[in-house]
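# Per-entry structural report
Spelled out from the first residue to the last, the chains are:
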Amino acid sequence: MDAVLSLKVTSAMNGAMETMHICITLQSLVKAGRFNQAMLEGLVLSSSVCRLHEAAPELLQQARATVDAERFTEKSSAASIAA
């Protein structure tokens, strides 16, 4: 249960809302003692995590482009102020 809670919180902090919602459902099922349904929800969770893993390279590339653009803007602003 601790692992599901940890994944839920981490997912929420990083914007992986689908995974977060699956974790909430999984927690509820386990607390209710509905272990057969929880096992099926675990498969849904696994699929969601796989999609995140597959999307990671593109997401990191987008993040890098955003950071690079922000740095360029900061340098341009600093250069125009200095001039």
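Structure first, text after, so check above.
Please read all numbers here as calculations on a predicted model, not as lab measurements.

Bringing the side chain of Glu41 into the picture now. Turning to its location among the elements, Glu41 is positioned in helix α3 (residues 35–82). As a buried residue without a salt bridge, Glu41 has its nearest oppositely charged side chain in Arg34, at a separation of 9.2 Å. Once residues lying within four places of it in the same chain are set aside, the contact partners of Glu41 are Ile22, Thr25, Leu26 and Leu29.

In this model, helix α1 (residues 2–13) (12 residues) spans 17 Å end to end at C-alpha, consistent with the 16 Å of a helix rising 1.5 Å per residue. When we look at burial in α1, the residues that qualify are Val4, Lys8 and Ser11. End-on, the buried residues of α1 take up no more than an arc of 70°, which puts them together on one face. Opposite its buried face, α1 presents the exposed residues Asp2, Ala3 and Met13, each directed more than 90 degrees away. Packing partners of the buried residues in α1 comprise α2 (17–31). Positive phi shows up at Gly15, right after α1, with a value of about 80°.

Moving on to the packing of α1 against α2. Here α1 crosses α2 at 155°, and the two axes come no closer than 8 Å. The pairing of α1 with α2 is recorded here as roughly antiparallel in orientation. Where α1 crosses over α2, the two elements pack in a sense that is left-handed. Judged by residue contacts, Val4, Leu5, Leu7, Lys8, Ser11 and Ala12 of α1 engage Met17, Thr19, Met20, Cys23, Ile24, Leu26 and Gln27 from α2.

This part is about the nonpolar core. Grouped together as the largest cluster of nonpolar side chains are 7 residues: Val4, Ile22, Cys23, Leu26, Leu29, Ala38 and Leu45. Contributions of two or more residues to this core are made by α2 and α3. Broken down by element, the residue count for this core peaks at 4 residues, all from α2. Every residue in contact with Leu29, bar those within four places of it in the chain, is listed here: Arg34, Gln37, Ala38 and Glu41.

For the rest of this paragraph, the subject is α2. In a regular helix each residue adds 1.5 Å, so 15 residues correspond to 21 Å; α2 covers 21 Å between its end C-alpha atoms and thus fits that length. Where α2 is concerned, the buried positions are Thr19, Met20, Ile22, Cys23, Leu26, Gln27 and Leu29. Following α2 by one or two positions, Gly33 has its phi on the positive side, about 75°.

About the cut-offs
Residues numbered from 1 in each chain as written. Predicted model: local features only at pLDDT ≥ 70, side-chain atom pairs only at ≥ 80, totals over all residues. Heavy atoms only, no water. Helix = DSSP H or I, 4+ residues; strand = E, 2+ residues; numbered from the N terminus. Buried < 20%, exposed > 50% of the residue type's maximum accessible area, 1.4 Å probe, protein only. Lys, Arg positive; Asp, Glu negative; His and termini not counted. Salt bridge = Lys/Arg side-chain N within 4 Å of Asp/Glu carboxyl O. Contact = heavy atoms within 4.5 Å. Expected span 1.5 Å × (residues − 1). Arc of directions from axis to C-beta. Axes fitted to C-alpha atoms, helices over the stretch in contact; angles between N-to-C directions. Parallel < 35°, antiparallel > 145°, perpendicular 65-115°, else oblique. Left-handed = near helix turned anticlockwise from the far one by under 90°. Core = buried A, V, L, I, M, F, W, Y, C linked by side-chain atoms within 4.5 Å.

In short, shape yes, function no, at least from these values alone.
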